[in-house]
Amino acid sequence: MPVSVVGKLHLDGYFGYRYQDYRNVSPFRLGGDNRLRGFPAGALVGKNLAATNAEFRTVGIDILSAQVGLAAFYDVGAAANALE
C-alpha cells in the first residue's frame, strides 16, 4: 500500500472462474460486507465473478481521545453463470 503524508491508497481485485463446475460447489455471491459495498448481501450470484476495489484513507487525527479520518472508495463487480 503506498503511503503518503495525507493517507494511503489500497487497490484490490478478485477474479473467480469455474470452467467446468464438476464439483457443483456453491456460487459466488457479491454484496454485503465482503465485496461490492452498498448492495444487499448476495445481490449478485453466479458461477463466475470479477470484482475490484479502490480505496483511499486519510491519516487519522486525534480529537478528544478518538481517531477521526476519511475514506473514499469505489467498487466494481459482476457475477454471472457464463462469461460473454
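The structure this text deals with has already been given above.
Model, not experiment: these values are computed from the prediction. (Residues numbered from 1 in each chain as written. Predicted model: local features only at pLDDT ≥ 70, side-chain atom pairs only at ≥ 80, totals over all residues. Heavy atoms only, no water.)

This part covers the sheet that holds strand β4 (residues 48–58). Strand order in the open sheet formed by three strands is β1-β4-β7, with antiparallel pairing between adjacent strands. Of all strands in the sheet, those bounded by a partner on one side alone are β1 (7–16) and β7 (71–80). The mean inter-strand angle of the sheet, taken between neighbouring strand axes irrespective of direction, is 5°. Bridge analysis of β1 against β4 gives ten bridges, and the strand direction is antiparallel. The residue of β4 that forms the bridge with Lys8 is Arg57. (Pairing = 2+ DSSP bridges. Helix = DSSP H or I, 4+ residues; strand = E, 2+ residues; numbered from the N terminus. Axes fitted to C-alpha atoms, helices over the stretch in contact; angles between N-to-C directions.)

Here the focus is the layout of surface pockets. Taken as a whole, the largest pocket holds about 160 Å³ of empty space. Contributing to the lining of the largest pocket are 14 residues, with Asn34, Arg35, Arg37, Asn53 and Asp75 lying nearest its centre. Looking at which element gives the most residues to the lining of the largest pocket, the answer is β4, with four residues. (1 Å grid on protein atoms, 1.4 Å probe; cavity = no way out; pocket = protein on both sides within 12 Å on 5 of 7 lines; lining within 4 Å. Points joined across faces, edges and corners; volume = space filled by probe spheres on them.)

The next point concerns a nonpolar patch on the surface. Judged by side-chain polarity, Val5, Val6, Leu9, Leu11 and Phe56 come together as a nonpolar surface patch covering roughly 500 Å² of accessible area. Secondary-structure assignment places Leu9 in strand β1. (Patch = residues over 30% accessible without salt bridge, like charges linked within 9 Å, V, L, I, M, F, W, Y side chains within 5 Å. Areas by Shrake-Rupley, 256 points an atom, 1.4 Å probe, with all protein chains shown as cover. Salt bridge = Lys/Arg side-chain N within 4 Å of Asp/Glu carboxyl O.)

Turning next to the pattern of salt bridges. For the coordinates displayed, the defined rule picks out four salt bridges. Across the salt bridge formed by Asp75 and Arg37, the nearest N and O atoms sit 3.3 Å from each other. A residue pair is termed long-range when its members are at least 10 positions apart, and Asp75 in strand β7 and Arg37 in the loop between β2 (28–30) and β3 (44–46) qualify at 38 residues. Given a relative accessible area of 18%, Asp75 falls into the buried group. Judged by its relative accessible area of 32%, Arg37 falls in the partly exposed class. Between Glu55 and Arg57 there is a salt bridge; the shortest N-O distance is 2.3 Å. (Buried < 20%, exposed > 50% of the residue type's maximum accessible area, 1.4 Å probe, protein only.)

All right, on to the side chain of Asp75 then. From its side chain, Asp75 meets the backbone nitrogen of Arg37 in a polar contact 3.0 Å long. Excluding its chain neighbours within four sequence positions, the residues that come into contact with Asp75 are Leu36, Arg37, Thr52 and Asn53. (Polar contact = N/O pair within 3.5 Å; in protein donor to acceptor, adjacent residues only side chain to side chain. Contact = heavy atoms within 4.5 Å.)

With that out of the way, let us pick up the environment of Gly7. Counting through the fold element by element, Gly7 comes out in strand β1. Expressed as a C-alpha distance, the spacing of Gly7 and Asn34, which sit 27 residues apart in the sequence, is 23 Å.

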